[in-house]
Amino acid sequence: MSALKLSRVLMCAASGALCLVLLCGCAPRGSGTPPGAASGQAAAANESADEFVTRVNGELTARAQEAQAAGFTLDVFITPDTQLLNARANDRYLAYLSKAVAEARRYDTQKLSPATARALMKLRLNVAAPAPDDARKRARLTQLEAQLEAKYGEGKYCPTGPASCKNLDQLSEILARSRNYDELTEAWKGWHGVGAGMREDYTQFVALANEGARELGFKDLGVMWRAGYDMSPEEFDTESERLWQQVKPLYDGLHCYARARLARRYGEGKVPPGKPIPAQLLGNMWAQQWNKIYPDILKPYPRASIETADTLLAAQKWDAGRMAHSAESFYTSLGFPQLPRTFWERSMLTRPRDREVVCHASAWDLATTGDVRIKACLKPTEQDLFTIYHELGHVYYFLSYANQPFLFRDGANDGFHEAIGDTVNLSVTPAYLARIGLVRAVTPSHEALINQQMKMALEKIAFLPFGRLIDQWRWRVFSGEITPGNYNSSWWELRRRYQGIAPPVPRSEADFDPGAKYHIPDNTPYTRYFLSFILQFQFHKALCAAAGNQGPLYECSNYGSREAGRRFADMLSLGASQPWQDALEKLTGTRRIDAAAISEYFQPLMQWLSEQNRGQQCGW
């Protein structure tokens, strides 16, 4: 998944090298108005709304480029210096943004064209953490953001001193590979200790970001985030819950099946029926996807021939570059252009050996035409292959809307941005992987189909409640319903309610387990992922229809279909220039997000789970 940075545009990136120029002793001592400033301010005050939007689009582009350069540099080279540079660049960006938003208020009572009204609305929603107008508070906010991200990126578990340190990659590998209950518990506990040192910083961050949101006219930051969906926050809450209820029966069946299989492996004493599943047993540090325990625990038919691409990726010596070129070739088969040369020169595709970096994969757009890139630590695994296909979805969205004005260079909503690459991944079927030589051809059978659907459901369906609850927690933090005194207990109450999981060891308010998930210290809104996991199936169904697919939805691959690609590109080119309902209708013919395509896609598995779970004590 892609992680978006401080600003909605900071999905983004930097030019190759960062140069620092120290300017000393050059500022005038006097505090009077600079020559010509008064006349410039008067001219600005007389701008029409259309002229104002045109000017702000140009000025934001230049300021975003600097902020993105600093953000990318921090992520690929974590030092005190890059933290400072990132905080200073973001401070300048936020200062300009605050000034522009204040100036925009003079148009509040004017009759505006739809495009200008939308641009001014997007201006108010341009950052995920708006800064207060006060310069000291703004500087403190950007400092906190840099500190929180650095604490996550530098996080390690060192049980017996420096020689024993393990980073997130290494601890995640234990969660994925080990089947020793105590070893899994220790690795889980070790990483979650990283969050404890973030609590005070996060508390300060919430207060300052809420103050910034209130200055923009919102009740709190959570209300501001929900204002970006072309409906009221209350309507959005209702829609989100409707979508969750559509998919919940499939998740409940998957949970019941997984718990029974885990109890068979570890014993009912550790995995009791009718209770939440211990979080460390599901193969992922946050239990957000369960595919890592598919091969030996959750695979329905062990003898049926559904394999991962891991074996042949290693045997054929695929590296990160070859994986990225493979992803590029899928998009070009749909009619998208080849990636620019600078993408290959400026991306970070593997973890460097000589410095600390944030390995969480993300796509970056420099806000100037064509300068796009990826930051990731890819390994030759099927999971990372899917990751790079996903990240290029962001990149091709950037390129598709590059000709839009700055304030419209964004997804129709943030769920759209996350759904693009995953829509393509739905076409990376076993047949497609066999076509590019990464798995052997699969012999069709009912058992092979159920295996494949289970494997995908452990990634797509297992994720949905996690995608729902992250912002449920944050919205309540921002509103004050959840206070610093119950940060952690409220976190685990939501994880039990939505996911049906529990911590493997007792937790208290001395812990800050939300901080162990990248998107909390990074302040990336998360509902986008919940929406994207639903939208991608809706998009996939529409593209398959455009490609003339006659078979079941789960067998469809749009590889090579120029008509599907044309339909896709037409939607992507709109960026955020129109309400998301218009963009959705352009591709799918409907104006409502709908999870019905998920039920259609997974119908064979839903029926199979119903039979398997008969007689089990489901629920928690």
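Residues numbered from 1 in each chain as written. Predicted model: local features only at pLDDT ≥ 70, side-chain atom pairs only at ≥ 80, totals over all residues. Heavy atoms only, no water.

Peer 1: How do you make sense of the state of the cysteines when you look at a structure like this?
Peer 2: Between two cysteines, a covalent bond joining their sulfur atoms is known as a disulfide. Summed over all chains, the structure comprises 4 disulfides. Covalently, Cys158 is tied to Cys165 through a disulfide, its sulfur atoms 1.9 Å apart. One disulfide, between Cys158 and Cys165, carries an S-S torsion of 105° and so falls in the right-handed class. With a relative accessible area of 34%, Cys158 lands in the partly exposed category. Two residues share a disulfide in this structure: Cys256 and Cys618, whose sulfurs sit 2.0 Å from each other. Judged by the sign of its S-S torsion, about -75°, the bond between Cys256 and Cys618 is left-handed. Of this pair, Cys256 sits in helix α10 (residues 233-266) while Cys618 sits in the segment after α25 (603-612); the two residues are 362 residues apart in sequence, bridging distant segments of the chain. Assessed through its relative accessible area of 2%, Cys256 is described here as buried. (Disulfide = S-S within 2.5 Å. Buried < 20%, exposed > 50% of the residue type's maximum accessible area, 1.4 Å probe, protein only. Helix = DSSP H or I, 4+ residues; strand = E, 2+ residues; numbered from the N terminus.)

Peer 1: How should I be thinking about the nonpolar core in this particular structure?
Peer 2: Burial of nonpolar side chains together is a common tendency in soluble globular proteins. Among the nonpolar cores identified, the biggest contains 189 residues, and Leu123, Tyr202, Trp290, Phe416, Trp473, Phe539 and Phe602 are the most heavily contacted of them. Of all the elements, α10 adds the most residues to this core, at 12 residues. Beyond its immediate sequence surroundings of up to four residues, Phe602 is in contact with Leu250, Gln453, Met456, Ala457, Ile461 and Phe537. Core analysis: the second largest hydrophobic core is formed by 7 residues, Val76, Met348, Val357 and Cys377 among them. (Core = buried A, V, L, I, M, F, W, Y, C linked by side-chain atoms within 4.5 Å. Contact = heavy atoms within 4.5 Å.)

Peer 1: Help me out: how do you make sense of the packing of aromatic side chains in this one?
Peer 2: Any pair of aromatic rings gets described here by the distance separating the centres and the angle formed by the planes. For the coordinates displayed, the defined rule picks out 44 aromatic pairs. With a centroid separation of 4.8 Å and an interplanar angle of 15°, the aromatic rings of Tyr331 and Tyr396 are classed as stacked. Of the two residues, Tyr331 sits in helix α13 (residues 320-333) while Tyr396 sits in helix α15 (residues 382-400), which places them 65 residues apart along the sequence. For Tyr396, a relative accessible area of 1% translates into the label buried. Relative to Tyr396, the ring of Phe336 lies with its centre 5.4 Å away and its plane at 50°, an arrangement referred to as tilted. Here Phe336, found in the loop between α13 and α14 (341-346), pairs with Tyr396, found in helix α15; they are 60 residues apart in sequence, far enough to count as distant. Taken together, Tyr202, Phe205, Trp473, Tyr487, Trp491 and Phe512 form an aromatic cluster joined through their ring pairs. (Phe/Tyr/Trp six-rings, centres within 6.5 Å; stacked < 30°, edge-to-face > 60°.)

Peer 1: Please clarify how helix α8 (residues 199-215) should be interpreted in this entry.
Peer 2: An α-helix turns once every 3.6 residues. As a result, residues three or four positions apart point the same way. Between its first and last C-alpha atoms α8 spans 25 Å; for 17 residues at 1.5 Å apiece the expected length is 24 Å, and the two agree. Restricting attention to buried positions, one finds in α8 the residues Arg199, Asp201, Tyr202, Phe205, Val206, Leu208, Ala209, Asn210, Glu211, Gly212 and Ala213. Buried-residue contacts for α8 involve α5 (135-153), α9 (221-226), α19 (464-479) and α20 (487-499). (Expected span 1.5 Å × (residues − 1).)

Peer 1: Explanation requested: unusual backbone geometry in the structure shown.
Peer 2: In most cases, non-glycine residues show a negative phi, while peptide bonds are predominantly trans. Its identity is not glycine, yet Lys317 carries a phi of approximately 60°, on the positive side. The phi dihedral of Asn523 is positive, around 60°, even though this residue is not glycine. For Asn523, a relative accessible area of 3% puts it in the buried group.

Peer 1: I tried to follow α25 on my own but got confused; where do I start?
Peer 2: Here α25 has its buried residues at Pro604, Leu605, Trp608 and Leu609. Taken end-on, α25 shows its buried residues confined to a sector of 125°, consistent with a single buried face. Contacts made by the buried residues of α25 are with α10, α18 (446-460) and α24 (596-601). (Arc of directions from axis to C-beta.)

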